[in-house]
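Residue-level structure breakdown
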Amino acid sequence: MARGRLRIYLGAAPGVGKTYAMLAEAHRRIERGTDCVVAFVEHHGRPRTEVMLHGLEQIPRRELDHRGAVFTEMDVDAVLARRPQVALVDELAHTNVPGSRNAKRWQDVEELLAAGIDVVSTVNIQHLESLGDVVESITGVRQRETVPDEVVRRADQIELVDMSPEALRRRMAHGNVYQSDKVDAALSNYFRPGNLTALRELALLWVADRVDAYLKQYRSEHRVSAIWGSRERIVVGLTGGPEGRTLIRRAARLAEKGAGGEVLAVYVSRSDGLTSASPKELAVQRTLVEDLGGTFHQVVGEDVPAALLDFARGVNATQIVLGVSRRKAWQYVLGPGVGATAARESGPDLDVHLITHAEAGKGRLPLGRPAGLGRSRIIWGWLAGVLGPVLLTWLLTGLAPEVGLANDMLLYLTLTVAAALLGGLLPALTSALVGSLLLNWYFTPPVHTLTIADPKNIVAMAIFFGVAVSVASVVDLAARRTQQAARLRAESEILSFLAGSVLRGETSLEALLERVRETFGMESVALLERADDVTPWTCAGSVGPQPCGRPENADVDMPVGDRMTLALSGRVLPASDRRVLAAFAAQAVVVLDRQRLQHEADRAKELAEGNRIRTALLAAVSHDLRTPLAGIKAAVSSLRSDDVEWSEEDRAELLEAIEAGADRLDNLVGNLLDITRLQTGTVTPIVRETDLDEVVPMALGGVPEDGVELDIPETLPMVHVDRGLLERVVANVVENAVKYSPPDTPVLVKASSLADRVEVRVVDRGSGVPDGAKQRIFEPFQRYGDSPRGAGVGLGLAVARGFTEAMGGTLTAEDTPGGGLTMVLSLPTAPGREPERPAPPTALTS
């Protein structure tokens, strides 16, 4: 069955019109004859959105009972049974009511897609999991409902629903987003112009990155090599010299002038020995480019200008920044230089900037003899070796026939040496052979025959041929040794960089595989593994489009042991590159093992923490729970005894002891169950708008009336919390304060509003807690000071903080002025009216 297609309407904030746009799309599809139904859409009381639901078939929702209230959720089974072509599912990041088949709505959507049903959904940028910290730093509100970024990235279509902050605030002021009594609070808190502008920028940048990923995939699939200047990408060519810092800063300034500019610094390790980079300087330049928001890359290339241009076209760059050559004037006889060559070969779609710097024209260190002779030099060598002797023979016979045999041999030897210097061994041998034949035919008596009459001439001809062959061999050997040295140096530079990445702690497998792909110019790289020789290969990590699933399908595979291999696709590597590739493959296996060991260490840490909790629990059960049980049993045994006549006062006192012991047991068992729920992550708050003056008094039922003083103004804004959890939090914090407060001094419970938060302060006048212990008192099984063993198992504050954080709030401790401890409970206010169903305090949707 073909998988369904997912279309997402992405917005920067609630109210921009995502749901409206989704419903408008549904009406357009129905007009085209598409079978489209509403699986779940929430209009939030907005008239214009509600009108758009008219004329659309709506699948009945499933009703769920939770904590005495009835909630509605999408009925996945009903949608699958109805099997429409397209299903509309609002609020992709929504958390389902406990008891639903899936915890998150995006998981429901995955079921519909797997069944071949197309889905159209909505989500706000603040609900993306990777942006949670960024959104919290902007708005001060932590998003509790999130959707994994990968779920949104896998969408077949993502459409941005955009609106300027001013237009959105006008829409809110007209009552089109929230009810009128909530508009002022929302405009002055979450919907401030600065917040909306920052969220809008996040949405635009995220969508731009996604579009860029689509573009890269398209260019790769269609093998597009031409540059499409959709955004400014600036490649900086580094040589490892000190001028690199100037080039990087210049490129960063160029990138700032264009929207979405990106800087990519690249160092080409040449195999011909024409670069001599300082590893220390490269490390400094790498740090500089990363500090400026760019990326550093290292590739291997036989030809530096060609490698730079290939890299630039591969990343769809629009500009290249190079430094003016450090060569002196006379050194230009060796060639035009990297900058001039890159500018000439760049073409009309790639701009090349040559930047002046302090090192320009000062020359550079001797770079050694080129490793490869080059095509032009080989051609000139063959011309000198074949045509040179012929031309020399014509000159000698026509213009200087009486020079003498010795001088003739020296001239032919000079020509052979020139052929060796230009073209290497074969042209020199050819020159020696042709020269010997021409000398024998034209200049050795008897002439015009291959016979040599004088034995001395035979020795001279043999010496001539031997010297020619020796010179040619020396030149060829020197070239090959130079090439090998340059290759080894290039490999050592790459291996040094690889070792440096290990020392820097770069342990990401994907980053290492991406480095392999860039270094060897591959399309994709995958690390494959299998359990034994008969089981199929599985992919432990990959980068690039369409990675290989088996070593047989790869252009290059590098086995690592018997069960793992590195598979590369894109081109066939020469045998000389496989040594470096083997080092990368071994490092990839080490990184993978390190990641798995870290995962096992994390699991072991969790198990150790669980063992610590269980040990503390057993210690608590062994004493703290037995004490009230022993008291209850003694009181019950006394009441049942027939040997003693109990007065009404004694009987009442024994019953009171039984009740007190039962209450202590109930409180202890309740805290143990609560801490277990927190440890296992099964606390799901039912968040709704709540008045503090309705919850706090109910939480003080077990506290003496004269032990607490309340100061909760009626004008406080409503908070977005779970009423039951908030009641437990307040009860635990107040009971703890009463326990440590002096007998005749009541505990003060005071509430106030601050920006988009409401703070509840529980103030006691006890002995207080030192700064070093203020965090430990919130840990499970911690009791401060000389608390008696029977005073509890030390879970009250741990449970209170866990419940508070589950609701999006914070619970901290600070000193009371004049002595004592103040617990500060900070809760989020409700920016807008939400439906009565589980939602985090910041579940804002359009």
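Residues numbered from 1 in each chain as written. Predicted model: local features only at pLDDT ≥ 70, side-chain atom pairs only at ≥ 80, totals over all residues. Heavy atoms only, no water.

So, on to the nonpolar core. What tends to happen in soluble globular proteins is that the nonpolar side chains get buried as a cluster. With 66 residues, the main nonpolar core has Leu88, Leu112, Val147, Phe191 and Trp206 as its most contacted residues. Examining the composition of this core, we find that 6 residues originate from one element, helix 9 (residues 193-221), more than from any other. When near neighbours in sequence (up to four residues on either side) are disregarded, Leu112 contacts Met74, Val76, Val79, Leu80, Ala87, Val89, Ile117 and Val119. Among the nonpolar cores identified, the runner-up in size contains 40 residues, and Val703, Val721, Leu726 and Met807 belong to it. (Core = buried A, V, L, I, M, F, W, Y, C linked by side-chain atoms within 4.5 Å. Buried < 20%, exposed > 50% of the residue type's maximum accessible area, 1.4 Å probe, protein only. Helix = DSSP H or I, 4+ residues; strand = E, 2+ residues; numbered from the N terminus. Contact = heavy atoms within 4.5 Å.)

Another aspect to go through is a positive patch on the surface. There is a patch of like positive charges on the surface, built from Arg249, Arg250, Arg253 and Lys257. Along the chain, the position of Arg253 falls in helix 10 (residues 244-257). A relative accessible area of 43% means that Arg253 is categorised as partly exposed. (Patch = residues over 30% accessible without salt bridge, like charges linked within 9 Å, V, L, I, M, F, W, Y side chains within 5 Å. Areas by Shrake-Rupley, 256 points an atom, 1.4 Å probe, with all protein chains shown as cover. Salt bridge = Lys/Arg side-chain N within 4 Å of Asp/Glu carboxyl O. Lys, Arg positive; Asp, Glu negative; His and termini not counted. Charge placed at Lys NZ, Arg CZ, Asp CG, Glu CD.)

So, about the sheet that holds strand 19 (residues 708-711). Taken in spatial order, the 5 strands of this open sheet run 19-21-22-24-23, and their pairing is mixed. The strands lining the two open edges of the sheet, one partner per strand, are strand 19 and strand 23 (810-815). Pairs of neighbouring strands in the sheet enclose a mean axial angle of 20°, with direction left out of account. Relative to strand 24 (residues 821-828), helix 22 (residues 723-740) is tilted by about 170°, and along the sheet it contacts strand 19, strand 21 (747-754), strand 22 (757-763), strand 23 and strand 24. (Pairing = 2+ DSSP bridges. Axes fitted to C-alpha atoms, helices over the stretch in contact; angles between N-to-C directions.)

On the surface, a nonpolar cluster with roughly 820 Å² of combined accessible area is contributed by Ile378, Ile379, Trp380, Trp382, Leu383, Val386, Leu387, Leu422 and Leu426. The element that contributes the greatest number of residues to the nonpolar patch is helix 14 (residues 375-399), accounting for 7 residues. By secondary structure assignment, the location of Leu426 is in helix 16 (residues 425-443). Assessed through its relative accessible area of 54%, Leu426 is described here as exposed.

One non-glycine residue, Arg83, lies in the positive phi region at around 50°. When you line up the elements, Arg83 lands in the loop between helix 3 (76-82) and strand 6 (86-89). Of note in the backbone geometry, Glu91 takes a positive phi value of approximately 55° without being a glycine. Residue Glu91 is classed as buried on the basis of its relative accessible area, which comes to 7%.

What follows covers helix 21 (residues 692-699). Looking only at helix 21, the buried set comprises Leu692, Val695, Val696 and Ala699. Down the axis of helix 21, the buried side of the element spans an arc of 95°, and every buried residue falls inside it. (Arc of directions from axis to C-beta.)

A cluster of like negative charges, contributed by Glu648, Glu649, Asp650, Glu653, Glu656, Glu659, Asp663 and Asp666, occupies part of the molecular surface. By secondary structure assignment, the location of Asp650 is in helix 20 (residues 648-680). Look at Asp650 and you get partly exposed, because its relative accessible area is 32%.

Inspection of the entire model under this criterion finds 0 aromatic pairs. Geometry around Phe40 places Arg61 over its ring, the cationic atom sitting 4.0 Å from the centre. Taking the ring centre of Phe778 as reference, the NZ or CZ of Arg801 above it sits at 3.9 Å. (Phe/Tyr/Trp six-rings, centres within 6.5 Å; stacked < 30°, edge-to-face > 60°. Lys NZ or Arg CZ within 6 Å of the ring centre and 35° of its normal.)

Empty pockets left among the atoms are what a rolling probe the size of a water molecule brings to light. All told, the structure shown has 6 cavities of 30 Å³ or more when counted by the stated rule. Put simply, the largest cavity is a space of about 80 Å³. Together, Arg62, Leu64, Glu73, Met74, Asp75, Val76, Asp77, Asn96, Ser100, Arg101, Asn102 and Asp108 line the largest cavity. Listing elements by their share of the lining of the largest cavity, those giving two or more residues are strand 4 (62-66) and helix 3. Among the residues forming the lining of the largest cavity, the class breakdown is 3 nonpolar, 3 polar and 6 charged. (1 Å grid on protein atoms, 1.4 Å probe; cavity = no way out; pocket = protein on both sides within 12 Å on 5 of 7 lines; lining within 4 Å. Points joined across faces, edges and corners; volume = space filled by probe spheres on them. Nonpolar A, V, L, I, M, F, W, Y, C, P; charged D, E, K, R; others polar.)

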